[in-house]
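Observations on chain architecture
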Amino acid sequence: GTDSETIENRRVNDNSTTVHGNMEGSVIVVKRRATLDGLTVSNGEETSAAGIRAEHADLTISNCRVVENGSFDSTSVGGGIYANVCKLIVHHCCFHNNKSNKTAGAILLASSIGEISDCVFSSNSCGYLGGAIYSTKSTFTIQRCVFSSNIMNPNEPPGTPVMLYGGAIYSTRSAGVIENSIFD
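Residues numbered from 1 in each chain as written. Predicted model: local features only at pLDDT ≥ 70, side-chain atom pairs only at ≥ 80, totals over all residues. Heavy atoms only, no water.

1. Considerations on the environment of Val 177
- Summarising the element assignment, Val 177 is placed in strand β22 (residues 175–179).
- The class of Val 177 is partly exposed, set by a relative accessible area of 40%.
- Sequence separation between Val 177 and Phe 140 is 37 residues, and the spatial gap between their C-alpha atoms is 6.4 Å. (Helix = DSSP H or I, 4+ residues; strand = E, 2+ residues; numbered from the N terminus. Buried < 20%, exposed > 50% of the residue type's maximum accessible area, 1.4 Å probe, protein only.)

In structure tokens:
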């Protein structure tokens, strides 16, 4: 783009970069440390971690759009972001229409520390647990976020009993704080 030299003056909407996965695996894989700023991450398709896969990593994501990613296997998790044994900081991001057949349409936190602030989660879906966010064995803080139209949509034949929890957020064996957020 043509942004000025300081990050504070950049115009993400005017100078954005799209990383398109072409439905052929995880779009971005992080194994140590990374900062993603001003990206659109879209059209990833993988068993787990369709959009962004982070393992044993320190990952900061700012001013990004994570959209239209999907994990479609019967054991799939983490349509937008899969964070396993990570420190994940996410702020000023939009998560829209990410899907997982099992858990975590937008973000999966597993044995991780998550700080999520000033984000919008809309129309993300999963099969059973956590339409937007699923946390297991993690510590997380969610501040000033908006959750709208995130759902669970089980892929079972009609009449099959299923357990559904957490249209927006599902947390198990985790410690979490949610402040000043809107659930619609």
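Next comes the rest of the description.
2. As for the side chain of Ser 125
- With respect to the helices, strands and loops of the structure, Ser 125 is situated in strand β16 (residues 125–126).
- Those residues within four positions of Ser 125 in sequence are excluded, and the remaining contacts are Asn 98, Lys 99, Ser 100, Gly 105, Gly 131 and Ile 151. (Contact = heavy atoms within 4.5 Å.)

3. With respect to the nonpolar core
- Within the largest apolar cluster, 35 residues are counted, with the highest numbers of intra-cluster contacts made by Ile 61, Phe 95, Ile 107 and Phe 121.
- Residue contacts for Phe 95: discarding those within four places in its chain leaves Val 66, Ile 81, Val 90, Ala 106, Ile 107, Cys 119, Val 120, Phe 121, Ser 122 and Asn 124.
- Core analysis: the next-biggest nonpolar cluster, separate from the first, contains nine residues, Ala 104, Leu 108, Tyr 128 and Tyr 134 among them. (Core = buried A, V, L, I, M, F, W, Y, C linked by side-chain atoms within 4.5 Å.)

4. Some remarks on the environment of Ser 76
- Following the sequence through the fold, Ser 76 ends up in the loop between β8 (70–71) and β9 (81–84).
- Spatially, the C-alpha atom of Ser 76 lies 9.3 Å from that of Gly 127, the residues being 51 residues apart in sequence.
- Not counting chain neighbours up to four residues away, the residues in contact with Ser 76 comprise Thr 47, Ser 71, Ser 100, Asn 101, Lys 102 and Thr 103.
- A distance of 2.9 Å separates a polar side-chain atom of Ser 76 from the backbone nitrogen of Asn 101. (Polar contact = N/O pair within 3.5 Å; in protein donor to acceptor, adjacent residues only side chain to side chain.)

5. A closer look at the packing of aromatic side chains
- Within the structure shown, the criterion is met by four aromatic pairs.
- Summarising the aromatic geometry, the rings of Phe 95 and Phe 121 are spaced 4.8 Å apart at their centres and angled 5° between planes, so their arrangement reads as stacked. With Phe 95 in strand β11 (residues 94–96) and Phe 121 in strand β15 (residues 120–122), this pair connects stretches of sequence that are 26 residues apart. Phe 121 matches Phe 95 in its accessibility class, with the two residues each being buried. (Phe/Tyr/Trp six-rings, centres within 6.5 Å; stacked < 30°, edge-to-face > 60°.)

6. Description of the environment of Lys 137
- Along the polypeptide, Lys 137 turns up in the loop between β17 (133–136) and β18 (139–143).
- In the structure, Lys 137 is positioned 24 residues away from Ile 113 in sequence and 9.3 Å away in space, judged by C-alpha atoms.
- If we ignore the near neighbours within four places in the chain, the residues touching Lys 137 are Ser 111, Ser 112, Thr 172, Arg 173 and Ser 174.

7. Notes on the pattern of salt bridges
- According to the stated counting rule, one finds three salt bridges in the structure shown.
- Residue Asp 58 pairs with Arg 33 through a salt bridge whose shortest N-O separation is 3.8 Å. With a gap of 25 residues between them, Asp 58 in strand β6 (residues 58–62) and Arg 33 in strand β3 (residues 33–37) connect regions that are remote in the sequence.
- Overall, the relative accessible area of 26% leaves Asp 58 in the partly exposed class. (Salt bridge = Lys/Arg side-chain N within 4 Å of Asp/Glu carboxyl O.)

Structural measurements only, silent on function.
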